[in-house]
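Secondary and tertiary structure notes
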Amino acid sequence: MMMNENHNLERLWQQQTVQKIDIEKIERQFKTQKWKHRGYILIDFGALIPIIFALVLKYNELGQLAFFLLMGLAVICALFAGYLAYLRRYAAFTRVSQTNEYLKTLKKQMRNNVLIARLTRHSSWVSYVVLLLFYGILYLNNQLETKSWQHWATVLLIVGLILTGFYIWASKREKRFRAEAERLDLLTSKNEK
């Protein structure tokens, strides 16, 4: 009886389909991510250009308070861009030659992509709050022209709409990356057994 059960289990086990890993697809995905993440790093640091532009070229037009607020914002943005570059390190800078290394690196980067998307999502609403605080502090210190309140209201409205779209985009990316990471974990765990 026991021998028959073992034989049936063995036959059932052998009939199961094994999902194979498409090595070429993983390699292509890894290389695509490498160039995407390098581009994202450039964009992240490129976002500092308007702040630097304001600090350097508009120095005479800025009040001392606005200058120091922008300087603090530049430091925070540079640190955030540096952290995002650190999270992108697996895809952007890793050199691998073996399939199992591609797979391990891709899994690490997928997990980091979820975190990057989450940070991006939250940075959208935090950016808006910071912008409101920036203008609020300048206004309370009489360093913002009240004649142009319509201009500032329009700027805040447009930026709010853009950042809302950014929030939605980042939310979708977070869900997609989480699903991809789970699918890759599931696929690799099946093939490791």
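A brief look at the structure comes next. The structure presented is a predicted model; accordingly, all values stated were derived computationally and were not measured.

**Regarding the overall build of the protein**
Within the protein, the secondary structure is distributed over seven helices and zero strands. In the protein, the succession of helices and strands from N to C terminus is α-α-α-α-α-α-α. Counting over 193 residues, the protein shows a buried share of 30%. Taking the contacts inside the protein whose residues are at least 6 apart along the sequence as the reference set, 79% of them involve residues at least 24 apart. For the protein, the computed accessible surface area is about 13,800 Å², with 63% contributed by carbon and sulfur atoms.

**Here we look at the side chain of Asp44**
Following the sequence through the fold, Asp44 ends up in helix α2 (residues 23-46). A distance of 3.4 Å separates the side chain of Asp44 from the side chain of Arg88, its partner in a polar contact. Excluding residues within four positions of it along the chain, Asp44 makes contact with Ala81, Leu84 and Arg88.

**So, a nonpolar patch on the surface**
A cluster of nonpolar side chains, Trp125, Val126, Val129, Val130, Leu133, Ile137, Tyr167 and Ile168, forms an exposed patch at the surface whose accessible area comes to about 650 Å². At the level of secondary structure, the elements contributing two or more residues to the nonpolar patch comprise α6 (99-140) and α7 (149-192). Here the nonpolar patch gets six residues from one element, more than from any other, and that element is α6.

**Here we look at the pattern of salt bridges**
Within this structure, the stated rule accounts for seven salt bridges. A salt bridge links Asp44 to Arg88, with the shortest nitrogen-to-oxygen separation between them at 3.4 Å. One end of the pair, Asp44, is in helix α2; the other, Arg88, is in the loop between α4 (64-87) and α5 (89-93), with 44 residues separating them in the sequence. Judged by relative accessible area, Asp44 falls into the buried class, the value being 17%. Here Arg111 and Asp185 are joined by a salt bridge, their closest N and O atoms 3.3 Å apart. Pair noted here: Arg111 is in helix α6 and Asp185 is in helix α7, with a separation of 74 residues, a long-range link. What you see here is one network of salt bridges that share partners, running through Arg118, Arg121, Glu174 and Arg178.

**Observations regarding the nonpolar core**
Counting twelve residues, the largest nonpolar core consists of Ile51, Ala54, Leu55, Ala66, Phe67, Leu70, Ala74, Phe134, Tyr135, Leu138, Leu144 and Leu156. With four residues, the single largest contributor to this core is α4. Apart from residues no more than four positions distant in its own chain, Phe67 is found in contact with Leu55, Tyr59 and Leu62. Leu103, Leu106, Met110 and Ala181 belong to the second-largest nonpolar core, a separate cluster that totals five residues.

**Quick notes on the packing of aromatic side chains**
Scanning the entire structure with this criterion turns up five aromatic pairs. Ring centres of Phe67 and Phe68 lie 5.6 Å apart, and the angle between their planes is 75°; on these two criteria the pair is classed as edge-to-face. According to the relative accessible area criterion, Phe67 is buried, its value standing at 17%. One aromatic cluster is present, built from ring pairs that chain together Phe134, Tyr135 and Trp152. A cation over an aromatic ring shows up here: Arg38 above the ring of Trp35, its NZ or CZ 4.7 Å from the ring centre. The ring centre of Tyr86 lies 3.9 Å from the NZ or CZ of Arg89, which sits over that ring.

Basis of the calculations
Residues numbered from 1 in each chain as written. Predicted model: local features only at pLDDT ≥ 70, side-chain atom pairs only at ≥ 80, totals over all residues. Heavy atoms only, no water. Helix = DSSP H or I, 4+ residues; strand = E, 2+ residues; numbered from the N terminus. Buried < 20%, exposed > 50% of the residue type's maximum accessible area, 1.4 Å probe, protein only. Contact = heavy atoms within 4.5 Å. Areas by Shrake-Rupley, 256 points an atom, 1.4 Å probe, with all protein chains shown as cover. Polar contact = N/O pair within 3.5 Å; in protein donor to acceptor, adjacent residues only side chain to side chain. Patch = residues over 30% accessible without salt bridge, like charges linked within 9 Å, V, L, I, M, F, W, Y side chains within 5 Å. Salt bridge = Lys/Arg side-chain N within 4 Å of Asp/Glu carboxyl O. Core = buried A, V, L, I, M, F, W, Y, C linked by side-chain atoms within 4.5 Å. Phe/Tyr/Trp six-rings, centres within 6.5 Å; stacked < 30°, edge-to-face > 60°. Lys NZ or Arg CZ within 6 Å of the ring centre and 35° of its normal.

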